[in-house]
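Each chain, written out:
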Amino acid sequence: MPKFITGLRTEIVLNIAVLMIAATALIGFVVLKVSEQAALDQKVKSSKVILNSIQNSIKYIETSQNPENMAGIQRLIDIFFESGDLDTILLADRSMRVIAHSSRDAVGKIYSDEALLKGIREKRVTTLVQGKTVSIVGPLYLGNEVIGGVKVTLSSRDVKEAAAKSQRLIFFYVALN
């Protein structure tokens, strides 16, 4: 195998080129991860807005003193579900019986979810990012009393797909350098 005799200048230029490529790749991946996290944070904020809207609707129903308005909660769930990129919205009472759901077939059934049950018991809102979904769970109040819980689940598939596309672009850009 022939040995190449290189001068000091050539070695310096090659080392600088390798360092520039590595720095470009590193910066690209950091920007990609920051962007992906920002998009996921936006999904979480969207979920919290929906959760707060449901809470405020329950407060309105409570103050209206009209029991027929409880059916309005299911209509509200339907509207949110149809207008967004939501996977599911559900409301369950303290015994985990579904009060309203984005899939009407689930209403009245017992729902098993440790995170939702924990949110009801601890009276706090929790964010869960699992695989390609983002979920927000929290308590459902009627007056000052917790009557159940709410779970809003959104797909983060679009965020993951955009990140994968960006990652391919970064590889391509680094390869061209």
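Cut-offs used in this document
Residues numbered from 1 in each chain as written. Predicted model: local features only at pLDDT ≥ 70, side-chain atom pairs only at ≥ 80, totals over all residues. Heavy atoms only, no water. pLDDT = per-residue confidence, 0-100. Helix = DSSP H or I, 4+ residues; strand = E, 2+ residues; numbered from the N terminus. Buried < 20%, exposed > 50% of the residue type's maximum accessible area, 1.4 Å probe, protein only. Pairing = 2+ DSSP bridges. Patch = residues over 30% accessible without salt bridge, like charges linked within 9 Å, V, L, I, M, F, W, Y side chains within 5 Å. Areas by Shrake-Rupley, 256 points an atom, 1.4 Å probe, with all protein chains shown as cover. Salt bridge = Lys/Arg side-chain N within 4 Å of Asp/Glu carboxyl O.

## Regarding the confidence of the model for the protein chain
Turning to step 1, where the next piece is worked out: A residue-level look at the protein chain finds 86% of positions with pLDDT of 70 or above and a mean pLDDT of 79.
Turning to step 2, where the next piece is worked out: When pLDDT is averaged over each helix and strand of the protein chain, the minimum, 72, is found for helix α4 (residues 157-176) and the maximum, 86, for helix α3 (residues 114-122).

## Remarks on the pairing of strand β5 (residues 145-155)
Looking along a regular strand, one sees the side chains alternate between the two faces of the sheet.
Turning to step 1, where the next piece is worked out: A large share of β5 lies buried, amounting to 10 of its 11 residues.
Turning to step 2, where the next piece is worked out: Sheet topology places strand β1 (residues 86-93) next to β5; 7 bridges connect them, and they run antiparallel. Bridge assignment links Asp 93 to a residue of β5, and that residue is Gly 148.
Turning to step 3, where the next piece is worked out: In this sheet, β5 lies alongside strand β4 (residues 133-142) in antiparallel orientation, the contact comprising 10 bridges. The residue bridging Ser 135 from the neighbouring strand is Thr 153, located in β5.
Turning to step 4, where the next piece is worked out: Once β4 ends, the chain turns through 2 residues before running back antiparallel as β5, passing Gly 143 with a positive phi of about 70°.

## Examining a nonpolar patch on the surface
Turning to step 1, where the next piece is worked out: Among the surface-exposed residues, Leu 8, Ile 12, Ile 16 and Met 20 lie close enough to one another that they form a single nonpolar patch of about 430 Å² accessible area.
Turning to step 2, where the next piece is worked out: Summarising the element assignment, Ile 16 is placed in helix α1 (residues 8-64).
Turning to step 3, where the next piece is worked out: With relative accessibility at 48%, the residue Ile 16 sits in the partly exposed group.

## With respect to the pairing of β1
Turning to step 1, where the next piece is worked out: Where β1 meets strand β2 (residues 98-101), 3 bridges bridge the pair, whose relative direction is antiparallel. Along β2, the bridge assignment pairs Ala 92 with Val 98.
Turning to step 2, where the next piece is worked out: Here β1 folds back onto β2 in antiparallel fashion, the turn holding 4 residues, of which Met 96 has a positive phi close to 70°.

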